[in-house]
Amino acid sequence: MKTQKTDTKQSKFRSISGQWYFFPEYTRSSYFRRSENITFPEHTRSLLDISSFVISTFRSIPVHGSVLFIFRSISVHSNVHPYLCSLKIVQQSKGIMAGKSTNMSRIKQVLQLSGNGVSNRQIAKDLDINKETVNNYVRFFGSDPLSLKEVLKMEDPELEARFRAGNPAYTDYRHQTFLDELPDFKTSLGHKHVTRFLVWQDYIAKHPDGYRKTQFFHHLKQQLAAATPTTVLSDTYVPGEKLFVDFAGDTLEYVNTETGEMIKVQVFVACLPYTDYAFALCIPSQRVEDFLYAISKCMDAIGGVPKILVTDNLKSAVIKADKYEPTLNKALEDMGNHYRFVTIPCRPYSPTHKALVENQVKIIYRRVYAKLRNTVFYSLEDLNEAVWQKMLEHNQTRMQQRPYSREEQFFAVEKNALSPLPEQPYQMKFTCDLQVRNDGFVYLARDKHYYSVPFVHIGKRSHVIYTRTLVKIFVNNEVVATHERHLGFGHTHKNEHLASNSNAILSRSPEYYQEKADKHSAVFKQLVSDMFLDLEQRQIPPEFKYKTCDFMLSIGRKTPMADFEQACQIAIQNRSYSGKFLQNVISNLNVAKSQSESKERINPQPTNHENMRGNSYYK
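Residues numbered from 1 in each chain as written. Predicted model: local features only at pLDDT ≥ 70, side-chain atom pairs only at ≥ 80, totals over all residues. Heavy atoms only, no water.

S.K.: Would you mind going over the pattern of salt bridges with me for this structure?
M.R.: Oppositely charged side chains may form a pair once their charged atoms are brought near each other. Under the criterion given, the structure shown has 10 salt bridges. We note a salt bridge from Lys264 to Glu253, for which the minimum N-O separation is 3.2 Å. Here Glu253 lies in strand β4 (residues 252-255) and Lys264 lies in strand β5 (residues 262-272), a separation of 11 residues in the sequence. Using a relative accessible area of 54% as the deciding quantity, one classes Lys264 as exposed. Arg485 is the partner of Glu289 in a salt bridge, and the nearest nitrogen-oxygen pair spans 3.6 Å. Highlighted residues: Glu289 in helix α9 (residues 288-302) and Arg485 in the loop between β16 (478-484) and β17 (491-492), separated in sequence by 196 residues. Each member of the pair Glu289 and Arg485 is classed as buried. The network of salt bridges with shared partners includes Glu289, Arg446, Asp447 and Arg485. (Salt bridge = Lys/Arg side-chain N within 4 Å of Asp/Glu carboxyl O. Helix = DSSP H or I, 4+ residues; strand = E, 2+ residues; numbered from the N terminus. Buried < 20%, exposed > 50% of the residue type's maximum accessible area, 1.4 Å probe, protein only.)

S.K.: Is there a simple way to explain the pairing of strand β6 (residues 277-283) in this structure?
M.R.: In terms of burial, β6 is a largely internal element, 7 of the 7 residues being buried. What you see with β6 is no split at all: Tyr277, Phe279, Leu281 and Ile283 on one side and Ala278, Ala280 and Cys282 on the other are buried throughout. In this antiparallel pair of consecutive strands, β5 and β6, the connection spans 4 residues, and Asp276 shows a positive phi of 65°. (Pairing = 2+ DSSP bridges.)

S.K.: What should I look at first to understand the sheet that holds β16 in this one?
M.R.: Pairing is antiparallel across the open sheet formed by 4 strands, whose spatial order is β11-β14-β15-β16. The open sheet has two edge strands, β11 (430-435) and β16, and neither has a second partner. Averaged over all adjacent pairs, the angle separating strand axes in this sheet is 25°, with direction ignored. Pairing of strand β15 (residues 470-475) with β16, which is carried by 6 bridges, proceeds in the antiparallel orientation. Paired with Leu470 across the two strands is Glu484, which belongs to β16. (Axes fitted to C-alpha atoms, helices over the stretch in contact; angles between N-to-C directions.)

S.K.: Where do I start with the packing of aromatic side chains in this structure?
M.R.: Each aromatic ring pair is summarised here by two numbers: the centre-to-centre distance and the angle between the ring planes. Evaluated as defined, the whole model comprises 25 aromatic pairs. Between the aromatic rings of Phe178 and Phe185, the centroid separation amounts to 5.6 Å while the plane-to-plane angle is 45°, which identifies the pairing as tilted. Look at Phe185 and you get buried, because its relative accessible area is 4%. Relative to Phe216, the ring of Phe185 lies with its centre 5.2 Å away and its plane at 75°, an arrangement referred to as edge-to-face. (Phe/Tyr/Trp six-rings, centres within 6.5 Å; stacked < 30°, edge-to-face > 60°.)

S.K.: Just checking my understanding: could you explain the nonpolar core for this structure?
M.R.: Note on soluble globular proteins: their nonpolar side chains tend to be buried together. Judged by nonpolar contacts, the single largest core of 48 residues is most densely connected at Phe268, Phe291, Leu292, Ile295 and Ile473. No other element matches the 8 residues that α9 contributes to this core. Counting residues in hydrophobic clusters, the runner-up holds 26 residues, among them Val265, Ala278, Val368 and Leu383. (Core = buried A, V, L, I, M, F, W, Y, C linked by side-chain atoms within 4.5 Å.)

S.K.: I would appreciate a short explanation of the confidence of the model for the protein chain in the present structure.
M.R.: Should pLDDT be low for a region, the predicted coordinates there are not to be read in detail. Summary statistics for the protein chain give a mean pLDDT of 77 and a share of 75% for residues scoring 70 or more. Mean pLDDT across the elements of the protein chain bottoms out in strand β1 (residues 12-13) (42) and peaks in β4 (94). Confidence drops under pLDDT 50 across residues 1-23; counting only partners more than four residues distant or on other chains, this segment forms 45 contacts. Of the regions scoring below 50 in pLDDT, residues 27-98 engages in 118 contacts with residues more than four places distant in sequence or in other chains. (pLDDT = per-residue confidence, 0-100. Contact = heavy atoms within 4.5 Å.)

S.K.: It is not clear to me how a nonpolar patch on the surface should be interpreted in this structure. Could you clarify?
M.R.: A cluster of nonpolar side chains, contributed by Phe455, Val456 and Ile458, occupies part of the molecular surface with about 260 Å² of accessible area. The topology assignment puts Phe455 in the loop between β13 (449-452) and β14 (461-466). You can call Phe455 partly exposed: its relative accessible area is 40%. (Patch = residues over 30% accessible without salt bridge, like charges linked within 9 Å, V, L, I, M, F, W, Y side chains within 5 Å. Areas by Shrake-Rupley, 256 points an atom, 1.4 Å probe, with all protein chains shown as cover.)

S.K.: What is the right way to look at helix α12 (residues 380-396) in this model?
M.R.: At 3.6 residues per turn, the α-helix brings residues three or four places apart onto the same side. Taking 1.5 Å per residue, 17 residues should reach 24 Å; α12 reaches 24 Å between its end C-alpha atoms and fits that length. Among all positions of α12, only Leu380, Leu383, Asn384, Ala386, Val387, Lys390, Met391, His394 and Asn395 are buried. In this structure, the buried residues of α12 make contact with β4, β5, β6, α11 (355-369) and α13 (406-414). (Expected span 1.5 Å × (residues − 1).)

S.K.: I keep staring at the side chain of Asn384 and nothing clicks. Help me out?
M.R.: Note on placement: Asn384 falls in helix α12. The exposure class of Asn384 is buried, given its relative accessible area of 17%. If near-sequence neighbours (up to four positions away) are discounted, Asn384 is found in contact with Leu281 and Cys282.

S.K.: I tried to follow helix α16 (residues 522-537) on my own but got confused; where do I start?
M.R.: Look at α16: 22 Å from first C-alpha to last across 16 residues, which is about the 22 Å you get at 1.5 Å a residue. Residues of α16 that are buried include every one of Phe524, Leu527, Val528, Asp530, Met531, Phe532, Asp534 and Leu535, and no others. Just downstream of α16 lies Gln539, where phi reads positive at about 55°.

Now the structure itself:
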């Protein structure tokens, strides 16, 4: 409800006198204009425009009148209840938001109405704009060289730039002084350990009335940024072209079940920039072997090979960093040749070339690290399984500004754009030259392990190439041995590499001796089998009778088969499994045989008696 400026407002209350002295000075409404009977202290005057209206009601007190003003919980000099509630409805009037920018379309309406001959007062009333503001708009464009038609054709931003061109940014005399000395500031900042604060101290000592620290830092930052302008390239990636890789700064850990210590591991992170599809893997270290293993696992996970691998300048990837032609690690080059990709490291100290993987690291901190913070793992495999599950949830989560997830877009767009994987996964190769020892082994110090070489190469120089799983030994540029790689002290050999005497020793077993005995006779095999069976029943290791078997074999080679079989039969009957017993039996058999032969022998009768003296000779 609008009030007339010349009228004095009065509120009428039932059973309450309308005289204003019933309300103390501080309770009177500020919506009334000053009059002879009403005096408003300065601090009680309303901040709203006089054309605003307020409807206030007493609780359970009927009133007469169009405008009622009352105050909650302020007692008045009447019999009105002290606890009141009010409902206030405020309607802003024209032009009360001083300082608020007017929309450019509104300004065009002002100019168009003014061009049609409508008065400024009527324009202000029709468009609900302050009349003085309308006057300023009309006055400003009246002095503009452009015609009204040309102004109305302008786009809103162009019109705003023309209407609110602004003032010169730097009219202060100190700014020119600052610009004059700017080259010296840049030179000083180029020195090691020099800070902006030290430069400002030198500046203020030379110009005591110059910029204070905050303004100096502001202008210096603007000038330095303007000197090296940069732009961000976005949405310029090609499906399947690049793979960004990096290591997270923070580590994860698991408990060693043997020692109880916490083992910290590095977290390898990779992403395909076109779809932002991410991969993470925990590995023991950032060494070359672990780094390349993580890359191969990543390519197995995404099911393809990108054309370009973008890495940081860590030593596992780059031997010598350079802005233009960095020297790559040979192992990484070999891996690129195997998978058919090229490696392009970032510029030194410029990780912005792979900003997406840097952002993925931050996301992984929230979606993997934070969610696993209260979980204890007891092996690297269990830790990687948990990380994989969280990464799967991350890739399957719908993105905020897109109606699909990273995984959906990856399989729809980028998966088929990747090159196929090679038939065999890449394994990093290490090389060394080793001497073949007299025992027919080479010693790989990295593993603290011995590997056999054919005995004919004893004393020769060998070239060893080993990967994560295999060890290949070359002599005279020919592969002479291939072994599965083992970590820790021990010997790995193949029987065909050993000399015959060594093989004979290593090949001994109950079966071996039974096979040897069977070649002599079935009775001898029965004797050997009973002997090892007796050892097994008495829980004695079979090695205890290996030398006895060798002794019996030696006896069998020197003894006629019939005598040897008879001796074996006697040994079986007496359950005597000794080589000496067998030897004694054979000896006794020989004695008995010789005695029987002597009994059967007949003395020869002489045929020539001329040389016989006879018994008469001794008489």
